[in-house]
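As a plain string of letters, each chain reads:
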Amino acid sequence: LIIILLILFGLSVMSVSSTSTGGEETGGYGKEFVTYLPDYEYRGNDGTVPYPTCTFGGDSIFSSGDEYIRRDLADYTFLTAIAYTNDNATQFHLDQWFAYENDILAPRNVTNRPKEVLNYRKSIGSKSPVVYKVISIPSINEEKSHLMVTIRGSLNTYDFLTDAQLWMAAVLLQCVRFFLPFGQVWTPVMPYFIEAISWLESDSLSTISFYNETTGFLEFLKQDSFQDRLESLQVVGHSLGGGLALISAVQANVPGIGVSAPNAMLSRRSFDPPLTVTSLDELTFNVVPHTDIVPQCDDLAQNYQQVRCLADTGTWWEDAVSCHDSRRTLCELIFMCGTQNRPALCECHYEFGYPKPTLKTRDAKVAPLEEQCAAVIERTSK
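For clarity, every value in this text was computed on a predicted model and none was experimentally measured. (Residues numbered from 1 in each chain as written. Predicted model: local features only at pLDDT ≥ 70, side-chain atom pairs only at ≥ 80, totals over all residues. Heavy atoms only, no water.)

**Things to note about the overall build of the protein**
On a plain count of helices and strands, the protein comes out with 16 helices and 13 strands. Relative to its full complement of 382 residues, the protein shows a buried share of 56%. Partitioning the intrachain contacts of the protein with sequence separation of at least 6 by distance along the chain shows that 68% fall at a separation of at least 24. On the protein, roughly 17,200 Å² of surface is accessible, and the fraction owed to carbon and sulfur atoms is 55%. (Helix = DSSP H or I, 4+ residues; strand = E, 2+ residues; numbered from the N terminus. Buried < 20%, exposed > 50% of the residue type's maximum accessible area, 1.4 Å probe, protein only. Contact = heavy atoms within 4.5 Å. Areas by Shrake-Rupley, 256 points an atom, 1.4 Å probe, with all protein chains shown as cover.)

Below you can see the structure in the form of structure tokens.
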């Protein structure tokens, strides 16, 4: 009983941490989600080894003209975070993060495209609570764009209870494996046990398999009507939204990145269509904050990055909730990897305890840090 209660608590982090910053349960957060500091920066944590995935290899999708912006893991993490914002505020956050002073993307902004989502949901008659956005990112080829689908995690108890069912069998078998002598020898057959459990629950699971809709949306974007304008397609998500992103990435054969996402290696055969080990290894990536319980659900695939979490409240459950916050993970990445040409955030210092960012230039016209972060200071002091 104690083990089951701990499992339920760990999964409930997905719901609790998503509502911890004061947003509405149904509409998402507004402009107050994070506060930007375009005149301040983190230069990276000199003297220590940076995360090897601070910048991914290959050509960047964040590009304009003949120039490239580094493809930072922080950019992907930011895109998972703004899935929690409402459509009235999403473009504001994109403009603040991607298109501020001297950003080479400024002439051709990164844009939110809610009409594509709305048209697709109408076409299939969707009434599911899953929330996702599609973000258009400029390409070197001015006639095309990179599209990034970002899937929101849980914002209310209903989201948590329905989504958690997808991973409950995997989590329970992980616990059984932990207590069995030589438990790891059972790993190869666990996907078959989970498949059998899912078959018994197929009627209830079919109503909450929200990955069917997100996979369908990815396939919709790959249709001929988009091909002439589509340079590349990727999917990202945080928490349970990240879990859906990893599943849909494999099913639609596109790259997928999760932040604090539950994994799919053990449960891969329970989805329809099922996933393969090779596809999970080749197409998915997960960011795993220390102490965060959610990305411990199911086994990790080949590609992942463990990151620090500086939360230290004295109680492990409060740390687990805090470490699951996508904004905290974003602060860790921009502090360790440097902000590059992105703004610093007030929350990094005043809410999450990172050092103060430094001024980029000694400009007397720049308002003091405390003044620019006054709203955050007031909120966190309560």
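After that view of the structure, there is still more to cover.
**Some thoughts on the pattern of salt bridges**
For the structure on display, the rule yields 14 salt bridges. Note that Glu351 is salt-bridged to Arg379, the shortest N-O span being 3.0 Å. You can see Glu351 sitting in the loop between α14 (346-350) and β13 (358-359) and its partner Arg379 sitting in helix α16 (residues 374-381), a full 28 residues away along the chain. Since its relative accessible area comes to 27%, Glu351 is described here as partly exposed. (Salt bridge = Lys/Arg side-chain N within 4 Å of Asp/Glu carboxyl O.)

**Some points on the packing of aromatic side chains**
If you walk through the whole model with that rule in mind, you get 13 aromatic pairs. Between the aromatic rings of Tyr120 and Phe220, the centroid separation amounts to 5.2 Å while the plane-to-plane angle is 40°, which identifies the pairing as tilted. Taken together, the positions of Tyr120 in helix α4 (residues 114-124) and Phe220 in helix α8 (residues 211-221) put the pair 100 residues apart, joining distant regions of the chain. Per residue, the accessibility class of Tyr120 equals that of Phe220, and both read buried. Taken together, Tyr120, Tyr132, Phe217 and Phe220 form an aromatic cluster joined through their ring pairs. (Phe/Tyr/Trp six-rings, centres within 6.5 Å; stacked < 30°, edge-to-face > 60°.)

**Regarding the state of the cysteines**
Under the criterion given, the structure shown has 4 disulfides. Cys331 shares a disulfide with Cys348; S-S distance 2.1 Å. Given an S-S torsion of about -90°, the disulfide between Cys331 and Cys348 has left-handed geometry. Highlighted residues: Cys331 in helix α13 (residues 326-337) and Cys348 in helix α14, separated in sequence by 17 residues. By the burial criterion, Cys331 is buried, and Cys348 matches it. At a sulfur-sulfur separation of 2.0 Å, the disulfide partner of Cys346 is Cys373. Residues Cys346 and Cys373 are joined by a disulfide whose S-S torsion is about -80°; by sign, that bridge is left-handed. Taken together, the positions of Cys346 in helix α14 and Cys373 in the loop between α15 (369-372) and α16 put the pair 27 residues apart, joining distant regions of the chain. Classification of Cys346 as buried rests on a relative accessible area of 1%. Each disulfide in the protein links cysteines that, numbered along the sequence, combine into the pattern 1-5, 2-3, 4-7, 6-8. Free of any disulfide, Cys175 has its nearest neighbouring cysteine sulfur in Cys297, separated by 9.1 Å. (Disulfide = S-S within 2.5 Å.)

**With respect to the side chain of Asp319**
With respect to the secondary-structure elements, Asp319 resides in helix α12 (residues 316-323). We note that Asp319 is buried and unpaired, the nearest opposite charge coming from Arg328 at a distance of 7.1 Å. Excluding its chain neighbours within four sequence positions, the residues that come into contact with Asp319 are Thr291, Ala311, Asp312, Thr313 and Gly314. (Lys, Arg positive; Asp, Glu negative; His and termini not counted.)

**Looking at α8**
An α-helical turn contains 3.6 residues, so a residue and the one three or four places further along point in the same direction. Burial of α8 is extensive: 9 of the 11 residues sit out of reach of the surface. All buried positions along α8 are accounted for by Tyr211, Glu213, Thr214, Thr215, Gly216, Phe217, Leu218, Phe220 and Leu221.

**Structural notes on the environment of Asn141**
Looking at the secondary structure, you find Asn141 in the loop between β6 (132-138) and β7 (145-151). Asn141 gets classed as partly exposed once you look at its relative accessible area, which sits at 34%. For the pair Asn141 and Glu231, spaced 90 residues apart in the sequence, the C-alpha separation amounts to 8.1 Å.

**Re the pairing of strand β9 (residues 256-259)**
Side chains of β9 alternate between two faces, with Gly256 and Gly258 and Ile257 and Val259 buried alike. Here 4 bridges tie strand β8 (residues 230-238) to β9, and the two strands are oriented parallel to one another. From the neighbouring strand, Val235 faces β9, where its bridge partner is Gly256. In terms of handedness, the path from β8 via helix α10 (residues 240-252) over to β9 forms a crossover that is right-handed. (Pairing = 2+ DSSP bridges. Right-handed = clockwise from strand over helix to strand, strands pointing away.)

**Quick word on the nonpolar core**
Phe78, Leu79, Leu94, Trp97, Ile135, Ile334 and Leu345 are the most contacted members of the largest nonpolar core, which has 40 residues in total. Of all the secondary-structure elements, those providing two or more residues to this core are α2 (73-81), α3 (87-98), β6, β9, β10 (284-289) and α13. For this core, the leading source of residues is α13, giving 7 residues. Formed by 36 residues, the second largest nonpolar core is a distinct cluster that contains Val134, Leu147, Phe220 and Leu244. (Core = buried A, V, L, I, M, F, W, Y, C linked by side-chain atoms within 4.5 Å.)

**Details of unusual backbone geometry**
In this chain, Asp272 is followed by Pro273 through a cis amide linkage whose omega measures 0°. When you line up the elements, Pro273 lands in the loop between β9 and α11 (277-283). Phi is positive for Phe182, close to 50°, though the residue is something other than glycine. With respect to the helices and strands, Phe182 occurs in the loop between α5 (157-179) and α6 (190-200). Phi angles above zero are rare outside glycine, and Asn253 is one such case at about 60°. Within the element layout of this structure, Asn253 appears in the loop between α10 and β9.

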